[in-house]
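A closer look at the structure
One-letter residues, chain by chain:
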Amino acid sequence: MKSGVATRPIEDLDAYRNKLSAYVNSSRLFMQPNIDLARRHPARIVYAEGENDDVLLAMQAVVDEGVAKPILIGRPPVINDKIKKIGLRLEPGKDFQVFNSEEADVHERYWQFYHQHVGRSGVSVEAAKTAVHSNTTVLAALMVALGEADGMVCGKVGRFDTHLHDIRPIIRSTKAGGRLSSICVLLMDDGPLFLTDPFVNVDPTEEDVVEIAKDAVRFVQQSFDIEPVVALLSHSNFGTYEDSSAIKMKRAAHRLRMELPEVQIDGEMHSLTALNPEMRATVFDGANIKGRANILVMPNMDAASIALGLLRSLTNARLIGPFLNGLEKPVHILIPSVSGRGILNLTALASADIYQRDQSSHSGA
């Protein structure tokens, strides 16, 4: 049954167009500091799916904006044909580099390095050669690990967890126990909303939740210079339930308040309580957060994934991310539904992050 929404007349077409323009421009305005930083310090970003149409379309924007020095993995004839078919102004060798995936296995350093990392996990020499030749995510990660690229973007095709599984043996975690986390930004009408963790931790422990929240706080502060207002979400609302999931979030919130006293953090609470200060005041007037929360820490991946899908479906929120936290090198995994603008935004974030990491390492921070 059709809703009929698309057939309803738009009474004020100019106002509608202005709203659409403002919607697109809000993403640009929000990302501008990272775009400017990336322009000044463009990093070598390798794209695992260099033959993908959406990736190629995004490359035109990446090149025009100057936010990265792109390296596309793919077959040169295929990439050239698609550039002509789509009608892009890109020139291989000038605007970006192409790494021919069909020739990867002839470079011994790739499969040898890979085999060193996975040989004790049942991967034979022949299997390592095959992976380097056939799996562009593995190849991109190897290029980053070997210093031939500063960061990578993959995931436009395939499952997030599959890409992460391919990357983890090559690019190690900086966290105890190999812990990683993901965060997405949703540009809502009333401001940005940061959502964790929709893609990595299926059922995080209390310790995991604490680290996920810390990753989110650091990301919001360093990447966007925004004051974090953190709500740990639950089906429980300041003590209305006392089951293990509610207690996990309550304890995590308490630990975070002790460890990050300068940050506004509270929980466990309902999403409505987190986003509606007036409602929150009727539930618990002494909450440690003021105004609308801008970081929502979910109790598990089910909740995070469902919330992300609902918000994207029911609002005009623009997605930025996901951004992957915790790896020793900047590696990011897209989701297939991401737009060309989303690929540009993630590229700018990656370039800016690479520069900031470099500055921190030189300063000894």
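Notes on the structure follow. Along every chain, residues carry numbers that run from 1 in the direction the sequence is written. Since the coordinates come from a predicted model, pLDDT governs what is reported: local features require at least 70, and pairs of side-chain atoms require 80 or more to be given and counted, while whole-chain, interface and lining totals use all residues. Excluded from the side-chain calculation are hydrogens and water; included are all heavy atoms of the structure.

Turning next to the pairing of strand β6 (residues 191-196). The classification of residues rests on relative accessible area computed with a 1.4 Å probe and restricted to protein chains. Under 20% of the type maximum is buried, over 50% is exposed, and intermediate values are partly exposed. To qualify as a helix, a DSSP run of H or I must reach at least 4 residues; to qualify as a strand, a run of E must reach at least 2; elements of each kind are numbered from the N terminus. When you tally the buried positions in β6, you get 5 out of 6 residues, the bulk of the element. Sheet topology places strand β5 (residues 181-188) next to β6; 6 bridges connect them, and they run antiparallel. Paired with V185 across the bridge in β6 is F194. Between β5 and the antiparallel strand that follows it, β6, lie 2 residues. Here, any two strands with at least 2 DSSP bridges between them count as paired. Note: β6 against strand β9 (residues 295-297), 3 bridges, orientation parallel. Along β9, the bridge assignment pairs T196 with V297.

A word on a nonpolar patch on the surface. Together, L272, M279, V283 and F284 make up a nonpolar patch on the protein surface, roughly 320 Å² of accessible area in all. Relative to the elements of secondary structure, L272 occurs in helix α10 (residues 271-275). Here, patches come from residues exposed beyond 30% relative accessible area and free of salt bridges, joined within 9 Å for like charges and within 5 Å for nonpolar side chains (Val, Leu, Ile, Met, Phe, Trp, Tyr). We get accessible surface area from the Shrake-Rupley algorithm with a probe of 1.4 Å; when it comes to residues, only the shown protein chains can shield them. Salt bridges are identified by distance alone: a Lys or Arg side-chain nitrogen within 4 Å of an Asp or Glu carboxyl oxygen.

On to the packing of aromatic side chains. By convention, a stacked pair of Phe, Tyr or Trp rings (six-membered ring in the case of Trp) has centres within 6.5 Å and planes under 30 degrees apart, an edge-to-face pair has planes over 60 apart, and any other such pair is tilted. Applying the stated criterion across every chain, the model contains 8 aromatic pairs. Ring centres of F160 and F199 lie 4.9 Å apart, and the angle between their planes is 20 degrees; on these two criteria the pair is classed as stacked. Here the residue F160 occupies a position in helix α7 (residues 160-167), and F199 occupies one in the loop between β6 and α8 (206-224), the gap between them amounting to 39 residues. One exposure class covers both F160 and F199, and it is buried. Ring centres of F194 and F219 lie 6.3 Å apart, and the angle between their planes is 80 degrees; on these two criteria the pair is classed as edge-to-face. With F194 in strand β6 and F219 in helix α8, this pair connects stretches of sequence that are 25 residues apart.

Quick look at the nonpolar core now. Take the buried Ala, Val, Leu, Ile, Met, Phe, Trp, Tyr and Cys residues and link them wherever side-chain atoms come within 4.5 Å; each set so joined is a nonpolar core. Of all hydrophobic cores here, the largest spans 58 residues; its most connected members are V46, Y114, M152, I167 and L296. The element best represented in this core is helix α6 (residues 136-145), accounting for 7 residues. Note on contacts: a residue pair qualifies if any of its non-hydrogen atoms lie within 4.5 Å across the two residues. Discounting residues that sit within four places of it in the chain, I167 has contacts with T137, A141, M152, C154, L327, V331 and I333. The next biggest cluster of nonpolar side chains, apart from the first, holds 55 residues, and it includes I183, L187, A213 and V297.

So, on to the packing of helix α2 (residues 53-65) against helix α3 (residues 76-86). Axes, fitted as lines to C-alpha atoms, cover a helix only where it is in contact. Angles between the N-to-C directions of the axes lie from 0 to 180 degrees. At a closest axis distance of 11 Å, the pairing of α2 and α3 adopts a crossing angle of 70 degrees. Taken together, the axes of α2 and α3 are roughly perpendicular relative to one another. As α2 packs across α3, the resulting crossing turns out to be right-handed. Contacts from D53, L56 and L57 of α2 reach α3 at I79, K82, I83 and I86. As a working rule, the residues Ala, Val, Leu, Ile, Met, Phe, Trp, Tyr, Cys and Pro are called nonpolar, Asp, Glu, Lys and Arg charged, and the rest polar, with Gly in that last group. Residue composition of the contact of α2 with α3, by class: 5 nonpolar, no polar and 2 charged. Working rule for angles: under 35 degrees goes down as roughly parallel, over 145 as roughly antiparallel, 65 to 115 as roughly perpendicular, anything else as oblique. Each helix crossing is assigned a hand: it is left-handed if the near helix lies turned anticlockwise from the far helix by less than a right angle, otherwise right-handed if that turn is clockwise.

So, on to helix α12 (residues 301-314). In this model α12 runs 20 Å from its N-terminal to its C-terminal C-alpha over 14 residues, within 8% of the 20 Å that 1.5 Å per residue would give. Within the sequence span of α12, burial applies to M301, A304, A307 and L308. Projected down its long axis, α12 carries its buried residues within an arc of 135 degrees, all on one side. In α12, the exposed residues that point more than 90 degrees away from the buried face are D302, I306, S313 and L314. Of the surrounding elements, those touching the buried residues of α12 are β5, β6 and β10 (318-325). Put simply, N300 is the residue that caps the front of α12, since its side-chain oxygen is 3.2 Å from the backbone nitrogen of D302. Multiplying one less than the number of residues by 1.5 Å gives the expected span of a helix. When we speak of the arc, we mean the arc of directions from the helix axis to the C-beta atoms. Polar contact is the term for a pair of N or O atoms within 3.5 Å; when the atoms are in protein, one must be able to donate a hydrogen and the other to accept it, and sequence-neighboring residues count only if both atoms are side-chain atoms.

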